[in-house]
Amino acid sequence: MYLCTTEEMRELDRYTIETIGIPGTVLMERAGLAVTQAILSRFPLPKRAIVLIGTGNNGGDGWVIARHLCQSGWEVKAWLLGDPSKLPADARCFYDAYRHFGSVSVLSAQGMDGLESDLEDTEVIVDALLGTGAKDGLRFPIDQVVQKVNQCHRAWTIAVDLPTGVNADTGKVMDQAIYADYTVTFAYPKWAFYLYPGADYVGDWDVVEIGTVLPVTPKVQVNRPSLWDKALCHRSPWSHKGRFGHLLVIGGADGMLGAVRMAGAAAYRCGTGKVTLTVPQGNEQSLKGAVMQEMVWSWSGDDYFADESSLSYRLRSEQFSAVVIGPGLGRFPGEEKWLGHLLEQIEHPVILDADAINILADHPHLLDLKIAAPLICTPHPGEMARLLRTTTQDVEQRRNEVAREYAMSTGMVVVLKGRFTIIAFPDGRQVVNPSGHPALAKAGSGDVLTGMIGAWLAQGVSIEEAVLMAVYLHGKAGEHSVTSAEQSVSVDEILAALGPVIQQYSF
Ligand SMILES: NC(=O)C1=CN([C@@H]2O[C@H](COP(=O)(O)OP(=O)(O)OC[C@H]3O[C@@H](n4cnc5c(N)ncnc54)[C@H](OP(=O)(O)O)[C@@H]3O)[C@@H](O)[C@H]2O)[C@@H](O)CC1
Ligand SMILES: Nc1ncnc2c1ncn2[C@@H]1O[C@H](COP(=O)(O)OP(=O)(O)O)[C@@H](O)[C@H]1O
Ligand SMILES: [K+]
């Protein structure tokens, strides 16, 4: 499934109508009918509905809905918020058609009394005020009506295409917006459904196909198993550990050994043949006591000298197929030179997480080095803000934009974590991830994700498939692990959920 911007929606509209030759009224009728069907499937018996109608094409869909509801025996109040003489042609056509079935109230500048009493009495509110053509800053009287609608707690509110007041591309709210219980959107989901705070306003939502055609492939996709499930095949009976890669996890400073343990455990759960954890000198004994399968080494901050115990030497002598740098890494003198030296040596995919990201944030010129390894970074919004030298709030308000720009400017694959993790590729493509659960909002779950990405990279899965698969299944494991109170879910339970979740998507 792709996701479309308003610009792409306009192009889709234009192409379908002008090039393909499908009249706009056909699309509008299909759009309105699809929303009506959603309403009728929830309320099979006739109810009282208010249809709030704007002066654009979103309002056009509203006229279609009002007519179909009347024909289904509903008691419909159609309220137009604007001047009927200014309706665009398609909307006017359905305004005229509707008037054979019901009357229209036009909101006057004098007052809202009539509309207010209708709102108090209604069971269903249809928001057909503004859709993808909305511009910033709700104007009078729409602003007032939005406020009144949100005070109607007894009615069920359905938004046509998009709740009024939500910006489709940014998810921002124009001062206020309608809190919909359900949204029926046309052709493709919009960014607002995956961004804060817009996603809180759309309620449950569905996409309906109305016969539109987009001439170009959109740049944004929604993550789904068909993008990567071919990489999740069962093992041949002749398998041996050497076929499933060797992942090196570098991190685990004092007090943060758990981070490398969790990444390593996740990597094993996702099928890696061998996992080596390497922690600062002095910590290896404690770690050895705490792990079962993983091999353990140590490293030191001045490790770039090539003696036989150094990381550099071992990177050259061992056959690692992917490297994770960062879980519990900590900060230390000489970190910049240390990380630069590692990056210059590794040829296999490298995942930069946690403090490796913080080191990079303080020393961005590290990316100017001659680095052969494909780089993947997995920042949470705070780390992303450090990379960009901005605030977390700024990152959260422009998640899609910052992830795309950073991936394009650095050549890294960026996994911007959060409620809907965004994966951005250096060529400008993006994938937004729908799975996940607030149970994952807990220290340690990021380490599990890093281990999962490393696991599939180590096994030779392509970068795109490995990242998308890991992010999706990590979210699913979060969902799956909630068997009682969501706040009580432990990282062990998330790890334990990986088996059943992977099983579900393996063929
Ligand atoms: N794409 C498709 O294939 C299909 C699209 N379809 C539908 O068309 C919708 C897009 O229609 P659209 O482009 O006419 O825009 P729309 O959302 O009605 O808004 C424009 C109107 O709102 C007004 N207005 C704007 N901002 C405002 C504000 N802040 N505060 C107050 N008023 C504001 C603006 O007034 P103006 O600024 O022009 O004075 C104008 O009157 C789309 O969401 C979908 O539902 C389907 O019918 C079938 C196929
Ligand atoms: N509310 C949420 N909904 C879905 N996923 C979430 C939510 N909160 C956190 N996560 C996921 O949990 C992980 C947390 O990672 P991070 O913040 O780096 O934690 P850690 O302390 O383990 O490094 C990320 O993959 C993030 O997407
Ligand atoms: K709407």
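Thresholds applied
Residues numbered from 1 in each chain as written. Chains lettered and ligands numbered in written order. Predicted model: local features only at pLDDT ≥ 70, side-chain atom pairs only at ≥ 80, totals over all residues. Helix = DSSP H or I, 4+ residues; strand = E, 2+ residues; numbered from the N terminus. Buried ≥ 20, exposed ≤ 12 C-beta atoms within 10 Å, placed from the backbone. Contact = placed C-beta atoms within 7 Å. Near = placed C-beta within 6 Å. Nonpolar A, V, L, I, M, F, W, Y, C, P; charged D, E, K, R; others polar. Pairing = 2+ DSSP bridges. Axes fitted to C-alpha atoms, helices over the stretch in contact; angles between N-to-C directions. Domains from an automatic or database assignment. Expected span 1.5 Å × (residues − 1). Core = buried A, V, L, I, M, F, W, Y, C linked by C-beta atoms within 7 Å. Right-handed = clockwise from strand over helix to strand, strands pointing away. Left-handed = near helix turned anticlockwise from the far one by under 90°.

This next bit is on the overall build of the protein. Along its length, the protein carries 18 helices and 18 strands. Seen through its C-alpha atoms, the protein measures out along the principal axes to roughly 85 × 45 × 45 Å. Classification of the 507 residues of the protein by burial places 49% in the buried group. A fraction of 73% describes how many contacts in the protein between residues 6 or more apart in sequence connect residues 24 or more apart.

Taken together, the neighbourhood of ligand 1 is formed by 30 residues, with Gly56, Asn57, Asn58, Gly131 and Gly133 sitting nearest. Where the shell around ligand 1 is concerned, the elements lending two or more residues are α1 (6-20), α2 (24-42) and α3 (57-71). Of the residues forming the shell around ligand 1, the biggest block, five residues, is contributed by α3. Broken down by class, the residue content of the shell around ligand 1 amounts to 13 nonpolar, twelve polar and five charged.

Turning our eyes to something else, we now look at the sheet that holds strand β14 (residues 350-352). The strands making up a sheet associate through backbone hydrogen bonding, with each pair oriented either parallel or antiparallel. Read from one edge to the other, the open sheet built from eleven strands follows the order β1-β9-β18-β17-β16-β15-β14-β13-β10-β11-β12, with strand pairing classed as mixed. Each of the sheet's edge strands pairs with one partner strand only, and the pair in question is β1 (2-3) and β12 (295-299). Pairing of strand β10 (residues 246-250) with strand β13 (residues 322-325) involves four bridges; the strand directions are parallel. Considered in β13, the bridge of Ile250 is made with Ile325. Sitting on the sheet, helix α16 (residues 445-458) is in contact with β10, β13, β14 and β15 (375-377), with an inclination near 165° to β13.

Turning next to the domain arrangement of the protein. With domains assigned, the protein is organised as domain 1 (2-218) and domain 2 (225-505). The straight-line distance from the C-alpha centre of domain 1 to that of domain 2 is 43 Å. Class assignment for the residues of the side of domain 1 that touches domain 2 results in five nonpolar, no polar and no charged.

To continue, consider the sheet that holds strand β5 (residues 124-128). Pairing is parallel across the open sheet formed by seven strands, whose spatial order is β4-β3-β2-β5-β6-β7-β8. What marks the edges here is a single partner per strand, and that holds for β4 (104-106) and β8 (204-208). Neighbouring strand axes in the sheet, compared pairwise and without regard to direction, differ in orientation by 20° on average. Pairing of strand β3 (residues 75-80) with β4, which is carried by three bridges, proceeds in the parallel orientation. Bridged to Trp79 within β4 is Ser105.

Its 18 residues give helix α17 (residues 463-480) an end-to-end C-alpha distance of 25 Å, which sits within 8% of 26 Å, the value for a rise of 1.5 Å per residue. A large share of α17 lies buried, amounting to 14 of its 18 residues.

One can find Ala385 in helix α13 (residues 381-388). A tally of 19 C-beta atoms within 10 Å means that Ala385 is categorised as partly exposed. The residues contacting Ala385, other than those within four sequence positions of it, are Thr390, Thr391, Thr392, Asp394 and Val395.

What follows concerns the site of ligand 2. By nearness alone, 19 residues border ligand 2, and Lys417, Gly436, Leu440, Ala441 and Gly446 come closest of all. Elements with a contribution of two residues or more to the shell around ligand 2: α16 and α17. Counting residues per element, the shell around ligand 2 draws most heavily on α16, which supplies four residues. Looking at the shell around ligand 2 residue by residue, the classes come out as six nonpolar, ten polar and three charged.

Another point: unusual backbone geometry. Going from Phe140 to Pro141, the amide bond is cis rather than trans, its omega being 5°. Position of Pro141 among the secondary structure elements: in the loop between β5 and α6 (142-150). With an omega of 0°, the peptide bond between Tyr196 and Pro197 qualifies as cis. Tracing the chain through its elements places Pro197 in the loop between β7 (182-186) and α7 (198-201). Positive phi values are uncommon outside glycine, yet Asp161 reaches one of about 70°. Structurally, Asp161 is set in the loop between β6 (156-160) and β7.

With 162 residues, the main nonpolar core has Val51, Leu52, Val126 and Ala266 as its most contacted residues. Residue contributions to this core reach at least three from each of two domains, namely domain 1 (2-218) and domain 2 (225-505). Once residues lying within four places of it in the same chain are set aside, the contact partners of Val126 are Ala49, Ile50, Val51, Leu52, Gly62, Ile65, Ile158 and Val160.

Before going further, it helps to spend a moment on the pairing of β13. Burial along β13 is two-sided: Ala322 and Val324 facing one way and Val323 and Ile325 facing the other are all buried. Where β13 and β14 come together, three bridges link them in parallel fashion. Of the residues in β14, the one forming a bridge with Ile325 is Leu352. Once the chain exits β13 it traverses helix α11 (residues 335-345) before rejoining the sheet at β14, and the crossover so formed is right-handed.

At their nearest, the axes of α16 and α17 sit 8 Å apart, and the two run at 145° to each other. Our pair here, α16 against α17, has a crossing hand that is right-handed. Judged by residue contacts, Val448, Leu449, Met452, Ile453, Trp456 and Leu457 of α16 engage Ile463, Ala466, Val467, Met469, Ala470, Val471, Leu473 and His474 from α17. Looking at the contact of α16 with α17 residue by residue, the class counts come to 13 nonpolar, one polar and no charged.

With 14 residues, α16 extends 20 Å from end C-alpha to end C-alpha; this agrees with the ideal 20 Å at 1.5 Å per step. Among the residues trailing α16, Gly460 stands out with phi positive, at a value near 90°.

Moving on to the environment of Leu440. Tracing the backbone through its elements, the reader meets Leu440 in the loop between β18 (430-432) and α16. In this structure, the C-alpha to C-alpha distance between Leu440 and Ala455, residues 15 residues apart in sequence, is 19 Å. Apart from residues no more than four positions distant in its own chain, Leu440 is found in contact with Ser445 and Gly478.

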